[in-house]
Amino acid sequence: MEAENPTHKSAKLFALFNPILSFFKPRRRRTRFMHLPRVIMVEILSKLPIESMLSSKQVCKLWYNLFSDPLFLTMYKSRSPPPCILFSRDHDISQLLKLEPCCDDYSSRLRNRPILLSCPEFNTPVKHRMDIPVEDYPMLRLIGSCNGFIGLMTNIYDINTSVYISNPLLGEYFKLKLPELEKSVCRVVYGFCFSEVSGKYKLVRSVTRRFTGHREVSELEVYTLGVDEKWRNLGQVPYPVWQDFGQVCVNGALHWMDPVDKDSIYSFDIETEKLKSVPGPPGLVFPFKYLAQAESQRSTCAPSCLTLVELGNCLCLTDDSGSIYGHIDIWWMKEYGIAESWTKVRILTCLGPAGFGLDICFQKYLPILIWKDGEILMQGKKGSQLFSYNPKDMTFTMIPISRGIGTVATRYLPSFNSLKTIVGDNFQVSNVSPNES
Amino acid sequence: MVKLKSNDDKEFEVEEAAVIQSEMIKNMIEDGCATSVIPLPNIDSKTLIKVIEYLNKHINMGKAAETGEEDDLKEFDEQFVNMGWEELFDVIMAANYLNIHELMELCCQSAADRLKNKSVRAVREMLKITNDLTEEEEQEIINDAPWAFEGPEIDDTVN
């Protein structure tokens, strides 16, 4: 049999020598993760969900360093991670909501509209740091959230507040050292913004001083993080900023509404630091019966039906005065700066999610963000519901949330950039002395 | 047809339409450098067979959407990445070398999906990584974001 099958024999011989032959071939190394080039490691790790990235830092020194590697930071940013939402309750940032793409049940393909997936209890990220005095905790309030960092202040009712800048993901914070303001200052309002042009973060504040005869003068001051040693005074502003500067950044400018003269919208160009007035919707009747009254009572928060929001880099104005009739209006400034481009779109909230009570259909809503396919994520102003609104078929979908949420939803872009990259160590910040200005 | 040679001297014939999904080989063909056998000194035959399997399946990827074969392709991809870590890393290295973007994405995503929500201990064991951090350093990292280390979704199993 063996003689009839010589190939079999040679195969046997080959098998015998093969281990010896392969010894002379380039030795095959078992490929392990740690053998991969850095760029591939980063490619893989940057695809992890946020929580896994943070816990993965504990794997080894190399991984710890990878998550602050410029290569990782660039790659993570280029993936344009889905936005998150920070929820604050009673002035306290309580939760981080992560929005992730959901799968279509039929084709199990990813849709471009992310939905809520998880909601880790966030407990004001800076809290566990001992450096923040305990008495500062209860009053920590969000000033603003931009490009991965958030601004926090301790007491909105006290002009001598403490201001913190934080990367909540990394648990980093930076306390601005603010010398005491002089007694004539009666109101300070802070805003936090980011310039896409220069990549600089800026704090703005409106400082109002009261002089004899109840005469008030408001001035605008700016402080660029990591650059300025002092607040820079940009001079007097003809109109005050009352409650807050808000979060509305469109076209590289921060926008807010004049609480007194409600058809006025103001913009602060974050890069050039120029103030401008932006035209409101022409002919919009402002239902502000209560306003004059509120003003006479010197209230700092006049009741308002109008709220400025940014949706898809478009300046929008929501009018929820019709909420009791089951609708809210969103005005879109289709072409920035062009008064005639304001377009009204009515959302019939009375057609709200099936099976929900009248209190849901007839409440006030605030849009939070718009997805690529045009769906708008909205928060009920009563604060406990999130809805996704589809403008094409005018339907609402309630977004399930595992735990109770806060009352104010703020968009937040997760970032792994360290605060150290924008503020040097022990960077001292001081106020502009009134005599110098 | 284009001939590829693995580092263990095995030759494979691949259709040009399939092989040009590799940016590297596409450039070689365009530059007229692919007249004879293309040697691939970084890729062994076992890995190259997997890569060619992928290239052949994805040959008409643009058309798949029209012909309704997308689901079929998706199923193939799912099956394709069903391999051990070492094999997966070999394919990733090959995809990186040959510059096949889609394959790279697929495999890296698969790697990330396997690590997702795993406990630190499980990640170390799966990827054979030795912990070189001190206890103090580890505690510091946990303190920075304690919420990332807790929760019912954290999976301590190794697979």
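About the thresholds
- Residues numbered from 1 in each chain as written.
- Chains lettered and ligands numbered in written order.
- Predicted model: local features only at pLDDT ≥ 70, side-chain atom pairs only at ≥ 80, totals over all residues.
- Helix = DSSP H or I, 4+ residues; strand = E, 2+ residues; numbered from the N terminus.
- Buried ≥ 20, exposed ≤ 12 C-beta atoms within 10 Å, placed from the backbone.
- Contact = placed C-beta atoms within 7 Å.
- pLDDT = per-residue confidence, 0-100.
- UniProt positions renumbered as here; feature names shortened; annotations may be inferred.
- Axes fitted to C-alpha atoms, helices over the stretch in contact; angles between N-to-C directions.
- Parallel < 35°, antiparallel > 145°, perpendicular 65-115°, else oblique.
- Left-handed = near helix turned anticlockwise from the far one by under 90°.
- Nonpolar A, V, L, I, M, F, W, Y, C, P; charged D, E, K, R; others polar.
- Domains from an automatic or database assignment.
- Pairing = 2+ DSSP bridges.

What follows concerns the environment of Asp-155 of chain B. All names here are of chain B. In this structure, Asp-155 sits in the segment after helix H9 (135-144). Exposure remark for Asp-155: the 12 C-beta atoms within 10 Å place this residue in the exposed category. On a C-alpha basis, the gap between Asp-155 and Ile-142 in space is 17 Å, while along the polypeptide they are 13 residues apart. Aside from chain neighbours lying at most four places away, what touches Asp-155 is Asn-117, Lys-118, Ser-119 and Ala-122.

With that out of the way, let us pick up the confidence of the model for chain A. Residues and elements named next belong to chain A. Mean pLDDT over chain A stands at 73; residues scoring 70 or higher make up 66%. Looking across chain A, the model is least confident in strand E3 (residues 110-118), with a mean pLDDT of 35, and most confident in helix H2 (residues 38-45), with 95. Considering only residues more than four positions removed or in separate chains, one finds that residues 287-303, a stretch of pLDDT under 50, has 15 contacts. Within the model, pLDDT remains below 50 along residues 428-437, and this stretch shows 23 contacts once partners closer than five positions in the same chain are excluded.

On the UniProt side, "domain: SKP1 component dimerisation" (unreviewed entry) is annotated at positions that read residues 102-148 of chain B here. With 68% helix and 0% strand, residues 102-148 of chain B has its two end C-alpha atoms placed 30 Å apart.

All names here are of chain B. Between helix H6 (residues 85-98) and helix H7 (residues 101-115), the least distance of the axes is 9 Å, while the angle of their chain directions is 150 degrees. One element, H6, and the other, H7, form an angle in the roughly antiparallel class. With respect to the hand of their crossing, H6 and H7 are arranged in left-handed fashion. The residues of H7 that touch H6, namely those facing Leu-88, Val-91, Ile-92, Ala-95 and Asn-96, are Leu-103, Met-104, Cys-107, Cys-108, Ser-110 and Ala-111.

Turning our eyes to something else, we now look at the interface of chain A and chain B. Opposite the 34 residues of chain A that make contact, chain B presents 38 residues. Put simply, the parts of the chain that give the side of chain A that touches chain B at least two residues each are H2, helix H3 (50-56) and helix H4 (61-66) of chain A. Broken down by element, the residue count for the side of chain A that touches chain B peaks at five residues, all from H3 of chain A. The class makeup of the residues in the side of chain A that touches chain B is 16 nonpolar, eight polar and 10 charged.

We now examine the domain arrangement of chain B. For chain B, the assigned domains are domain 1 (2-115) and domain 2 (120-149). Placing the centre of domain 1 of chain B and that of domain 2 of chain B at their C-alpha centroids yields a distance of 34 Å.

All names here are of chain B. In space, the three strands of this open sheet follow the order E2-E1-E3, with mixed pairing throughout. Looking at strand neighbours, the two that pair on one side only are strand E2 (11-14) and strand E3 (38-39), the edges of this open sheet. In terms of strand pairing, strand E1 (residues 2-5) meets E2 through four bridges, oriented antiparallel. Following the sheet pairing, Lys-5 is matched in E2 by Glu-11.

Before going further, it helps to spend a moment on the UniProt feature "domain: F-box" (unreviewed entry) in chain A. The UniProt entry lists residues 30-79 of chain A under the feature "domain: F-box" (unreviewed entry), expressed in the numbering used here. Segment residues 30-79 of chain A splits into 60% helix and 0% strand. End C-alpha atoms: 30 Å apart.

Residues and elements named next belong to chain B. Of all residues in chain B, 95% attain a pLDDT of 70 or more, and the chain-wide mean is 88. Predicted confidence in chain B is weakest over helix H4 (residues 61-67), with a mean pLDDT of 63, and strongest over H6, with 95. Reported confidences for the modelled complex are a pTM of 0.76 and an ipTM of 0.93.

Right, let's talk about the domain arrangement of chain A for a bit. Examined at the domain level, chain A breaks down into domain 1 (32-79) and domain 2 (80-421). By residue class, the composition of the side of domain 1 of chain A that touches domain 2 of chain A is six nonpolar, one polar and two charged.

Moving on to the packing of helix H3 (residues 45-57) of chain B against H6 of chain B. Residues and elements named next belong to chain B. For the pair H3 and H6, the least separation of the axes is 10 Å and the interaxial angle reads 70 degrees. In terms of their interaxial angle, H3 and H6 are classed as roughly perpendicular. Between H3 and H6 the crossing geometry is right-handed. Residues Thr-47, Lys-50 and Val-51 of H3 pack against Asp-90, Val-91, Ala-94, Ala-95 and Leu-98 of H6. Residue composition of the contact of H3 with H6, by class: five nonpolar, one polar and two charged.

Before going further, it helps to spend a moment on unusual backbone geometry. Although it is not a glycine, Asn-251 of chain A sits at a positive phi angle of roughly 60 degrees. Counting through the fold element by element, Asn-251 of chain A comes out in the loop between strand E12 (248-250) and strand E13 (253-257). A tally of 17 C-beta atoms within 10 Å means that Asn-251 of chain A is categorised as partly exposed. Phi is positive for Asn-99 of chain B, which is not a glycine, with a value near 55 degrees. Following the sequence through the fold, Asn-99 of chain B ends up in the loop between H6 and H7.

All names here are of chain A. Read from one edge to the other, the open sheet built from four strands follows the order E4-E5-E6-E7, with strand pairing classed as antiparallel. The sheet is open, and its two borders are formed by strand E4 (141-146) and strand E7 (172-176), each paired with just one other strand. Adjacent strand axes in the sheet meet at a mean angle of 20 degrees when their direction is disregarded. Bridge count between strand E6 (residues 163-167) and E7: five bridges; the pairing is antiparallel. Opposite Val-163, over in E7, you have Leu-176 as the bridge partner.

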